[in-house]
Amino acid sequence: MDALNDKKQLRTLGTTNQIRGLLTILRNKETSRADFIFYSDRLLRLVIEEALGYLPFASQDVTTPTGSVYNGVEFTGKVCGVSIVRAGESMENALRASCRDIRIGKILIQRDEDTGLPKLFYSKLPKDISERHVLLLDPMLATGGSACQAVEVLVEAGVKPDRIIFVNLIAAPEGIQVMTERFPEIKIVTAEVDEKLNEKKYIIPGIGDFGDRYFGTL
Ligand code: PRP
Ligand code: URA
Ligand code: MG
């Protein structure tokens, strides 16, 4: 974990009681589906807002109603979202709530439940994606196989790796290691880094299968 904390590519939400309280509800296997959706949506909004802070900004001065000048900043550049279907789609509403008319591409990758290996089925991306910064959305980072495959799809479409921010809820150290070694230029923004993977490549302590809990396919 200490080696991970040194990684400049990795940003976690602060360990405030508010964040830990939300994670406690989500991790509890007794949490109802309605609560799981509600509290996931709250936490997803926070990681999205955190990730937006790593996009490029330029200085902008504005005059306040008191007649004073505030030395502020404004976002510069073009951005889009890309969700890794299916669980990543749960993050789209939070992104739309922050960036009203944002374009959102999709990459359908499914992890084989026995081997843990990812399989790419489909992608549909904004045509001008090579000119954009990309918020790549998936709440779970386990082995890193799915996220790395999604980054490869983006790179093939002309996106520069240093313009990719992977936005996540729970990450395993193994996935962070794989992703940051393979793509040293991308950033990872997550709520919390967990201990390890189990023999079935599930995150421990984790949250279970996020997609199944959020979409009700348990
Ligand atoms: C989950 C999750 C990630 C992936 C993480 O998706 O949403 O995409 O597994 O595991 P990895 O880092 O080892 O690749 P899954 O394929 O189970 O599909 P789902 O979104 O339909 O739940
Ligand atoms: N996908 C999930 O939803 N949970 C895990 O722990 C690993 C992959
Ligand atoms: Mg799943």
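For clarity, every value in this text was computed on a predicted model and none was experimentally measured.

Visitor: Whenever I open this one, the site of ligand 2 confuses me. Can you help?
Guide: Residues in close proximity to ligand 2 include R111, M140, A142, K201, Y202, I203, G208, D209 and F210, which together make up its full environment. Note that an oxygen atom of ligand 2 is positioned 2.8 Å from one of the backbone N or O atoms of I203. In this structure, an oxygen atom belonging to ligand 2 sits 2.8 Å away from a main-chain N or O atom of F210. A total of 240 Å² of accessible area belongs to ligand 2 in isolation, and the protein chains cover 89% of it. Class assignment of the residues belonging to the shell around ligand 2 gives a composition of five nonpolar, one polar and three charged.

Visitor: Is there a simple way to think about the nonpolar core in this case?
Guide: Nonpolar side chains in soluble globular proteins tend to end up buried together. L43, V47, L95, L135, V167, L169 and F210 are the most contacted members of the largest nonpolar core, which has 37 residues in total. Where this core is concerned, the elements lending two or more residues are helix 2 (17-27), helix 3 (33-52), helix 4 (92-98), strand 7 (133-137), strand 9 (164-167) and helix 7 (210-215). The contacts of L43, once residues within four sequence positions are left out, are L13, I19, L22, L23, L26, L169 and A191. Counting 26 residues, the second largest nonpolar core, distinct from the first, contains I109, I176, M179 and I188.

Visitor: Is there a simple way to think about the UniProt feature "domain: Phosphoribosyltransferase" (unreviewed entry) in the chain in this case?
Guide: Those residues carrying the UniProt feature "domain: Phosphoribosyltransferase" (unreviewed entry) are residues 16-217 in this numbering. The distance separating the terminal C-alpha atoms of residues 16-217 is 31 Å; by composition the span is 33% helix and 29% strand.

Visitor: What is the right way to read helix 2 from this model?
Guide: An α-helical turn contains 3.6 residues, so any two residues separated by three or four positions project in the same direction. Those residues of helix 2 lying buried are I19, L22, L23 and L26. Along the long axis of helix 2, the arc covered by the buried residues comes to 95°, so they all point the same way. In helix 2, the exposed positions angled more than 90 degrees off the buried face are occupied by N17 and T24. Close packing links the buried residues of helix 2 with helix 3, strand 10 (170-171), strand 12 (192-193) and helix 7.

Visitor: Got a minute to help me understand the packing of helix 5 (residues 145-156) against helix 6 (residues 173-182) in this structure?
Guide: A pair of packed helices is characterised by two quantities: the angle between their axes and the separation of those axes. Between helix 5 and helix 6, whose axes approach to 9 Å, the crossing angle comes to 25°. In terms of orientation, helix 5 and helix 6 fall into the roughly parallel class. Like other packed secondary-structure pairs, helix 5 and helix 6 cross with a definite hand, here right-handed. Two secondary-structure elements touch here, helix 5 through A147, C148, V151 and E152 and helix 6 through V178, M179 and R182. Of the residues in the contact of helix 5 with helix 6, the class split is five nonpolar, no polar and two charged.

Visitor: Looking at this model, I keep getting lost on the packing of aromatic side chains. Mind explaining?
Guide: The geometry of an aromatic ring pair is captured by two quantities: the separation of the ring centres and the angle between the planes. The final tally for this structure, using the stated rule, is five aromatic pairs. On the numbers, 5.6 Å between centres and 15° between planes, the contact of F210 with Y214 is stacked. Taken together, the positions of F210 and Y214, both in helix 7 and four residues apart, correspond to about one turn of that helix.

Visitor: How should I be thinking about the site of ligand 1 in this particular structure?
Guide: The environment of ligand 1 is made up of 14 residues, and the closest members are A87, R111, D138, T143 and S146. The separation between an oxygen atom of ligand 1 and a polar main-chain atom of A87 is 2.7 Å. Coverage of ligand 1 by the protein chains reaches 93% of its 500 Å² of free accessible surface. Tallied by class, residues from the shell around ligand 1 come to four nonpolar, six polar and four charged.

Rules used throughout
- Residues numbered from 1 in each chain as written.
- Chains lettered and ligands numbered in written order.
- Predicted model: local features only at pLDDT ≥ 70, side-chain atom pairs only at ≥ 80, totals over all residues.
- Heavy atoms only, no water.
- Near = heavy atom within 4 Å.
- Polar contact = N/O pair within 3.5 Å; in protein donor to acceptor, adjacent residues only side chain to side chain.
- Areas by Shrake-Rupley, 256 points an atom, 1.4 Å probe, with all protein chains shown as cover.
- Nonpolar A, V, L, I, M, F, W, Y, C, P; charged D, E, K, R; others polar.
- Core = buried A, V, L, I, M, F, W, Y, C linked by side-chain atoms within 4.5 Å.
- Buried < 20%, exposed > 50% of the residue type's maximum accessible area, 1.4 Å probe, protein only.
- Helix = DSSP H or I, 4+ residues; strand = E, 2+ residues; numbered from the N terminus.
- Contact = heavy atoms within 4.5 Å.
- UniProt positions renumbered as here; feature names shortened; annotations may be inferred.
- Arc of directions from axis to C-beta.
- Axes fitted to C-alpha atoms, helices over the stretch in contact; angles between N-to-C directions.
- Parallel < 35°, antiparallel > 145°, perpendicular 65-115°, else oblique.
- Left-handed = near helix turned anticlockwise from the far one by under 90°.
- Phe/Tyr/Trp six-rings, centres within 6.5 Å; stacked < 30°, edge-to-face > 60°.

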